[in-house]
Amino acid sequence: MEAAAAGVAPIRAPYLTSKEQFHAYLKAERESRNQENNQHDGEEDSSSNDQTEPPAKRMKLDGGDQVRKQGSQEEVVKEEEKKPQERKRARGQNKSRPCMKPNHYEKDRLCQSVIQECAEKCYFGSQCRFLHDVGEYMAVKPSDLGDSCVLFKTFGKCIYGVTCRFARAHLGEDYRNIINEDLVKQWEGKPLVRNSLSKELQQRLRKKKVCFDKSSKYLSHLGKPSSAGNVGNKAAGNSTEKRMTNSTVSKGNVEGIDVKPPGEGAPECVSVSEKRGAPESVVLQNSCLVDASKDSTPKTTGLVTDEDIIKLRPCEKKRLDIQGKLYLAPLTTCGNLPFRRICKRFGADVTCGEMAVCTNLLQGQSSEWALLKRHYTEDLFGVQLEGAFPDTMTRCAELLNQTIEMDFVDINVGCPIDLVYKKGGGCALMNRSNKFEQIVRGMNSVLDVPLTVKIRTGVQEKVNLAHKVIPNIRKWGASMVTLHGRSREQRYTKVADWEYIGECAKLASPMPLFGNGDILSYEDANRAMQTGVSGIMIARGALIKPWIFTEIKEQRHWDISSTERLDILKDFTNYGLEHWGSDTQGVEKTRKFMLEWLSFLCRYIPAGLLEYLPQKINERPPYYMGRDYLETLMASQNVDDWIKISEMLLGPVPANFTFLPKHKANSYR
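The structure contained in this document is the topic of the report that follows. Everything numeric in this text was worked out from a predicted model, so none of it was measured. (Residues numbered from 1 in each chain as written. Predicted model: local features only at pLDDT ≥ 70, side-chain atom pairs only at ≥ 80, totals over all residues. Heavy atoms only, no water.)

Concerning the overall build of the protein chain
Argument step 1. When helices and strands are counted, the protein chain shows 26 helices and 14 strands.
Argument step 2. Every one of the 669 residues in the protein chain was classed for burial, and the buried ones make up 51%.
Argument step 3. Counting only contacts in the protein chain whose residues sit at least 6 apart along the sequence, the fraction spanning at least 24 positions is 71%.
Argument step 4. Carbon and sulfur atoms form 49% of the exposed surface of the protein chain, whose accessible area is close to 33400 Å². (Helix = DSSP H or I, 4+ residues; strand = E, 2+ residues; numbered from the N terminus. Buried < 20%, exposed > 50% of the residue type's maximum accessible area, 1.4 Å probe, protein only. Contact = heavy atoms within 4.5 Å. Areas by Shrake-Rupley, 256 points an atom, 1.4 Å probe, with all protein chains shown as cover.)

Following this line, the structure appears as structure tokens:
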């Protein structure tokens, strides 16, 4: 038997097939299933039910057929151009991919006041641009997707009311929302998701009325000349931070936030502090304006404490004890809360939110704060921040330290994308040692939780920097470092250098070092632990097969069936509807993130089909036939087949629906 080509996974000969046979089989199965569905459903008016058309018909709809045809013709031309150079693989991001906004798939939306059954309280009155007539809305509302609403079934109440795409499960007479009082009482006072952004804090951030006392104290010393060894002394002459610090003292205008010193006619400056009893709420303390001519030390009566003067020593800080634990990497786009719940269920010990940009957080952007949300099942949870300057990173760390629940904060010094790198963040910080030091020291000085750092081996492919940076990171006060065994130039090509990771682990001691890269089986995990690392971080391996955590803990290969994999997607669907909502907007957002995840899931090859185990992460699957139709469908690398899987769980896609995965490497056909 011929060996598999280099870079191609070894699949048993009986299952191998050609690209033409593979797609012909799926097409034939799809057509037969569509015919069965059409016979079962009967004939319906196509003009009023465009969403139920099969994919072949939907592509011919007037609304967007020219765009689709033009796109398909361009794809054919591109494929023909690529034929002579098949080995060249697409890289980077699909930066100009289509974006489906809510008004694209739901033109007539119901007013929130009507959804909450309090139409008389609509703030906009007659000028409201949303519908107030429930009957009118129900006449144009897309058909329901099922008879069971996960929100009503789990919590006893669906907050989306008549707009829920499963509304018939909880609607009574006159479209009134039914409530299960017993279930509601069970969940009363139990916050499912923490770290939400309150409207009050958002307004303070947008109006730049939040004080950062600890950060200002630290940043005020950066520009001051001092003895050798002073933090930031080398960079004081020409640093951006010096200019920003000076403007903080004189004008108080800093990127993303405005902090005015007391007594300069500044607006009311408010500190934010955490209310321990209610993690989701943010309490704004009473402001205290101090005359600049007087001593800035606050005058107190009664018991005097020194907590504002003496910071916690490293030994007094909360410790991060994750030695030997399985760490789910912070994954942009795909590492959302529903996906983390899936991984947590399969045995992930440590989870981390998606990368959040510090300047966006300081500006109170809701979309950025959503990345910090934490499900109550995530017992060890951290947030990852990205930034290029010590002033914004330090202030952001102080803000999060006071307002959200987290077990650690991670600095992203491994992001390779151009948008971040060209601004001096991500991997670029490895070459900006002064700024890097100022960021780590500043954040560590304002945090009560451990600070960790994620880095790569370096920027250039053959120039390793990690072994030089890691001893400094330990000296600057970080509690842990995670090393991805590739450089920025490599991105995800070639194999991770675990030998180098092992060398860096020795240099990092006694500080824990977690290794990251190319782990797709328990055997890969065992080899990684033998290098001397404190633990392993799993990224793409969890996207391709989230049950990898179970495999590692049970030391076995799991030949998971296609129905079990579909059940995982069903759970993701339910978690997504809980998190993003069960109305049309929530359904389509769940679909979008599911499709992004399916662009990774299709790379998994069932263990029973492999010539030998385990599957390697950089080996692309050839065309093969699964043991049943569903397994074959899940192996498809075609976007249309991913959409078909989503329709099995979330119903037909809206008219003119388009999808392109975020990464070009996932959109190969």
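Regarding the packing of helix H23 (residues 562–580) against helix H26 (residues 639–650)
Argument step 1. H26 packs onto H23 with a crossing angle of 65 degrees between their chain directions and a minimal axis gap of 10 Å. Considering the relative orientation of H23 and H26, their crossing is right-handed. Where H23 approaches H26, its residues Leu566, Leu569, Lys570, Thr573 and Leu577 are matched on the opposing element by Ile645, Met648, Leu649 and Leu650.
Argument step 2. Its residues assigned to classes, the contact of H23 with H26 shows seven nonpolar, one polar and one charged. (Axes fitted to C-alpha atoms, helices over the stretch in contact; angles between N-to-C directions. Left-handed = near helix turned anticlockwise from the far one by under 90°. Nonpolar A, V, L, I, M, F, W, Y, C, P; charged D, E, K, R; others polar.)

What to know about the nonpolar core
Note that soluble globular proteins tend to have their nonpolar side chains buried in a common cluster.
Argument step 1. Grouped together as the largest cluster of nonpolar side chains are 148 residues, with contacts concentrated most on Trp369, Leu400, Met443, Ile455, Leu513, Ile536 and Leu569.
Argument step 2. A per-element tally of this core places helix H24 (residues 584–601) first, with eight residues.
Argument step 3. Beyond its immediate chain neighbours, meaning those up to four positions away, isoleucine 455 contacts Val413, Gly414, Met430, Ala466, Ile470, Ile473, Val481, Thr482, Leu483 and His484.
Argument step 4. In terms of nonpolar packing, the next biggest core, distinct from the first, is built from seven residues, Ala9, Ile11, Leu609 and Tyr624 among them. (Core = buried A, V, L, I, M, F, W, Y, C linked by side-chain atoms within 4.5 Å.)

Some details on the pairing of strand S13 (residues 513–516)
Regular strands have side chains that alternate between both faces of the sheet.
Argument step 1. The side-chain alternation of S13 yields two buried faces, one formed by Leu513 and Gly515 and the other by Phe514 and Asn516.
Argument step 2. Where strand S12 (residues 480–484) meets S13, four bridges bridge the pair, whose relative direction is parallel. Bridging across to S13, histidine 484 finds its partner in asparagine 516.
Argument step 3. Read as a crossover between parallel neighbours, the route from S12 over helix H19 (residues 498–508) to S13 is right-handed.
Argument step 4. Pairing analysis gives three bridges linking S13 to strand S14 (residues 535–538), with the strands arranged parallel. For asparagine 516, the partnering residue across the bridge sits in S14 and is methionine 537.
Argument step 5. For the segment spanning S13, helix H20 (residues 522–529) and S14, crossover handedness is right-handed. (Pairing = 2+ DSSP bridges. Right-handed = clockwise from strand over helix to strand, strands pointing away.)

Let's talk about the packing of aromatic side chains
Argument step 1. Counting across every chain of the model gives 12 aromatic pairs.
Argument step 2. Relative to tryptophan 558, the ring of phenylalanine 346 has its centre 6.1 Å away and its plane inclined at 70 degrees; by these criteria the two rings are edge-to-face. A residue pair is termed long-range when its members are at least 10 positions apart, and phenylalanine 346 in the loop between helix H12 (337–345) and strand S7 (351–357) and tryptophan 558 in the loop between helix H22 (548–554) and H23 qualify at 212 residues.
Argument step 3. Considering the side-chain rings of phenylalanine 572 and tryptophan 597, the 5.2 Å spacing of their centres and the 55 degrees angle between planes classify their relative orientation as tilted. A residue pair is termed long-range when its members are at least 10 positions apart, and phenylalanine 572 in helix H23 and tryptophan 597 in helix H24 qualify at 25 residues. Assigned by exposure class, phenylalanine 572 and tryptophan 597 land together as buried.
Argument step 4. Through successive ring pairs, a cluster of aromatic residues spans Tyr327, Phe408 and Phe514. (Phe/Tyr/Trp six-rings, centres within 6.5 Å; stacked < 30°, edge-to-face > 60°.)

A word on the environment of glycine 347
Argument step 1. Inspection of the secondary structure puts glycine 347 in the loop between H12 and S7.
Argument step 2. Setting aside residues up to four positions removed in sequence, glycine 347 forms contacts with Leu326, Phe549 and Lys553.

Quick word on the sheet that holds S12
Argument step 1. Pairing is parallel in the open sheet, where eight strands are placed in the order S6-S14-S13-S12-S11-S10-S9-S7. Two strands close off the open sheet at either side, each with one partner strand: strand S6 (326–328) and S7. On average, each strand axis in the sheet is tilted by 25 degrees relative to the strand beside it, whichever way the strands run.
Argument step 2. This element, H12, spans S6, S7 and strand S9 (381–386) of the sheet and lies at about 160 degrees to S7.
Argument step 3. Sitting on the sheet, H19 touches S12, S13 and S14, and the angle it makes with S13 is about 170 degrees.

Points about H19
Argument step 1. Listed in full, the buried residues belonging to H19 are Trp498, Tyr500, Ile501, Gly502, Cys504, Ala505 and Ala508.
Argument step 2. By the N-cap criterion, in which a side-chain oxygen at the helix start approaches the backbone nitrogen of a residue two or three places on, H19 is capped by aspartate 497, the distance to glutamate 499 being 3.4 Å. (Polar contact = N/O pair within 3.5 Å; in protein donor to acceptor, adjacent residues only side chain to side chain.)

Brief notes about the side chain of aspartate 518
Argument step 1. Summarising the element assignment, aspartate 518 is placed in the loop between S13 and H20.
Argument step 2. A distance of 2.6 Å separates the side chain of aspartate 518 from the backbone nitrogen of alanine 496, its partner in a polar contact.
Argument step 3. Setting aside its immediate chain neighbours within four residues, aspartate 518 contacts Arg486, Lys494, Val495, Ala496, Asp524, Arg540, Ile617 and Asn618.

A look at unusual backbone geometry
Argument step 1. With an omega dihedral of 10 degrees, the bond running from serine 509 to proline 510 counts as a cis peptide bond.
Argument step 2. Structurally, the position occupied by proline 510 is in the loop between H19 and S13.
Argument step 3. A cis amide bond links leucine 613 to the next residue, proline 614, at an omega of 0 degrees.
Argument step 4. Looking at where proline 614 falls in the secondary structure, it is placed in the loop between H24 and helix H25 (629–634).
Argument step 5. Even without glycine at this site, threonine 333 takes up a positive phi of about 75 degrees.
Argument step 6. Assignment of secondary structure puts threonine 333 in the loop between S6 and H12.
Argument step 7. Its relative accessible area of 12% is what places threonine 333 among the buried residues.
Argument step 8. Even without glycine at this site, aspartate 518 takes up a positive phi of about 65 degrees.
Argument step 9. A residue is classified by how much of its surface remains accessible, and aspartate 518, at 17% relative accessible area, is buried.

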